[in-house]
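# Structural characterization, general
One letter stands for each residue in the lines below.
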Amino acid sequence: MFDELSIVSPKRNKRLQTGWEGFFPYYAGFPELFANEILKSAGLAEGAKILDPWNGSGTTTYAADRLGFSSVGLDLNPVMVIVARARLLAPSEADHLRPLAATILSQARAAQGTLDPEDRLLAWLAPETARFVRAIEKNIRRSLVGSLTKSADGIHLDRISGTAATLYVALFGMCRRLVAPYRSSNPTWLRCPKPQEQKVAVSMASIASWFAANVRGMTRALVALQETADGGESFSKSCTSILRANTTSVSLDPESVDFVLTSPPYCTRIDYTAATRVELAVLAPLLATDAKSLGQQMIGSTQVPGHTIAVSEEWGETCGKFLEALRSHHSKASSGYYYRTHLDYFDKMSCSLARVSKALKPGGSAVLVVQDSYYKNLHNDLPVMMAEMAANHGLTLGRRDDFHLRSMSDVHPGRKTYDRPKGANESVLCFSKH
Ligand SMILES: C[S@@+](CC[C@H](N)C(=O)[O-])C[C@H]1O[C@@H](n2cnc3c(N)ncnc32)[C@H](O)[C@@H]1O
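Residues numbered from 1 in each chain as written. Predicted model: local features only at pLDDT ≥ 70, side-chain atom pairs only at ≥ 80, totals over all residues. Heavy atoms only, no water.

## What to know about the overall build of the protein
- Secondary structure assignment for the protein yields 13 helices and 11 strands.
- By the compact-globule yardstick of 22 Å for 434 residues, the protein fits well, its C-alpha radius of gyration being 22 Å.
- By principal-axis analysis of the C-alpha atoms, the protein measures approximately 65 × 55 × 40 Å.
- Evaluated residue by residue, the protein yields a buried proportion of 56% over its 434 residues.
- Partitioning the intrachain contacts of the protein with sequence separation of at least 6 by distance along the chain shows that 79% fall at a separation of at least 24. (Helix = DSSP H or I, 4+ residues; strand = E, 2+ residues; numbered from the N terminus. Rg over C-alpha atoms; globule rule 2.2 N^0.38 Å. Buried < 20%, exposed > 50% of the residue type's maximum accessible area, 1.4 Å probe, protein only. Contact = heavy atoms within 4.5 Å.)

Structural data, given as structure tokens:
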């Protein structure tokens, strides 16, 4: 049934991250080419609705939009909601970006105001640097975030305009550059400076020129899009929603989706919010939740769940055996911390898959990109576990394509102590709903 589907490698490729895709390189994302090929070859009817429940940087929603399909992208991390929203900015808006950025910069220079001593940017930045970055952010918020977007419990990120989102992404890029000394080769992690370390101090002129350069680059990428064959026309034909939502509790219209294309959070003990710490600090005045409680809600959270979770038969046989082996592993904290965080992962994943499956129309399809990993010497065969779990939620596996890659799990503890294969296996799993 999936013979016609064109599946290229879902591995991120720096060379392919040009234009818009390069402005917020997301280590967890799959390439535009991968999403584009799948959606083009899926035989979808005009008006088909596509869902990506773990939309990240918005690759699926962007590809769907360009092909003229309606789509919905969900993500719990507000940073990723803004990035996915920005990616949908219509090329016709390119003209406004540079003058807007210039106005925002001159307003920020003229009136920097005082900085809240609790401002989260102070974790990395010296006070004067943080004050100017915050002044830019305040001016984006004042000029572009309207009253419809604001509410008592924070900002309705779903209603943020494409222009505001784009300027926030330019600011994120500038902040990433500022905190570069605190990044390591591990793309999933940004550390805070130690008390004896100096915080980043950069002149206002450099900050302004980095921000302006990002906006210029984004404008150029949008203009290039406008010059492509369809002139970016499909942007206005399709209907795309980017929503901030938790897949374990989101309410989706039953049998409303034709096709799901997604890559669920990995089970590699990666805190998805850690890589976006500085962006979350930029957004802190817009958010009702703090970074810690956001981290707790994430699938793949590194925090121990606050409630007891029992293994469920719905998770499948392979998952049950893996969890039992993990619980009885001799190494420190296996039966405690690691067992409990893995239970949390599978519990949230099963809940989410049930919701995603319900939202699919009968006869609809779901393509999931899933990576395996190792816990010490134990193989966490997530592709097999996901296939079994999905079967228990009404989804039948029809095709599986495997790609080998160097993996982030290589950077985790245990790599040196235990004998296990290098890298990881990324599988593209294609399901259909009866
Ligand atoms: C593997 S990434 C998806 C990357 C995406 N395919 C792209 O191209 O950028 C998984 C995403 O799931 C999100 N996520 C984790 N837990 C979630 C939850 N409970 N509800 C919704 N999204 C969640 C993370 O923030 C992360 O962006």
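After that view, the rundown keeps rolling.
## Considerations on the packing of aromatic side chains
- One pass over the structure, following the stated rule, counts eight aromatic pairs.
- Aromatic pair Phe 30 and Phe 34: ring centres 5.1 Å apart, planes at 55 degrees, arrangement tilted. Each member of the pair, Phe 30 together with Phe 34, is buried.
- Ring centres 5.2 Å apart and planes at 55 degrees place the aromatic pair Tyr 338 and Tyr 375 in the tilted group. Placement of the pair is Tyr 338 in helix 12 (residues 334-359) and Tyr 375 in strand 8 (residues 373-375), with a sequence separation of 37 residues. Each member of the pair, Tyr 338 as well as Tyr 375, carries the same accessibility label: buried.
- Site record: aromatic cluster; members linked through ring pairs are Trp 315, Phe 322, Tyr 345 and Phe 346.
- Across the ring face of Tyr 62, the terminal group of Arg 87 is positioned such that the distance to the ring centre comes to 5.2 Å. (Phe/Tyr/Trp six-rings, centres within 6.5 Å; stacked < 30°, edge-to-face > 60°. Lys NZ or Arg CZ within 6 Å of the ring centre and 35° of its normal.)

## Section: the pattern of salt bridges
- Throughout the structure, instances matching the rule amount to 14 salt bridges.
- Residues Arg 87 and Glu 32 are paired through a salt bridge, measuring 3.3 Å at the closest nitrogen-oxygen approach. In this pair, Arg 87 sits in the loop between helix 3 (78-86) and helix 4 (94-110) while Glu 32 sits in helix 1 (residues 32-41), placing the two residues 55 residues apart along the sequence.
- Residue Arg 87 is classed as buried on the basis of its relative accessible area of 6%.
- A salt bridge links Lys 40 to Glu 37; the shortest N-O distance between them is 3.9 Å. You can see Lys 40 and its partner Glu 37 sitting in helix 1, three residues apart, about one turn around the helix.
- By relative accessible area, which is 22% here, Glu 37 ends up partly exposed.
- Via salt bridges that share partners, Asp 119, Arg 134, Glu 137 and Arg 141 belong to a single interconnected network. (Salt bridge = Lys/Arg side-chain N within 4 Å of Asp/Glu carboxyl O.)

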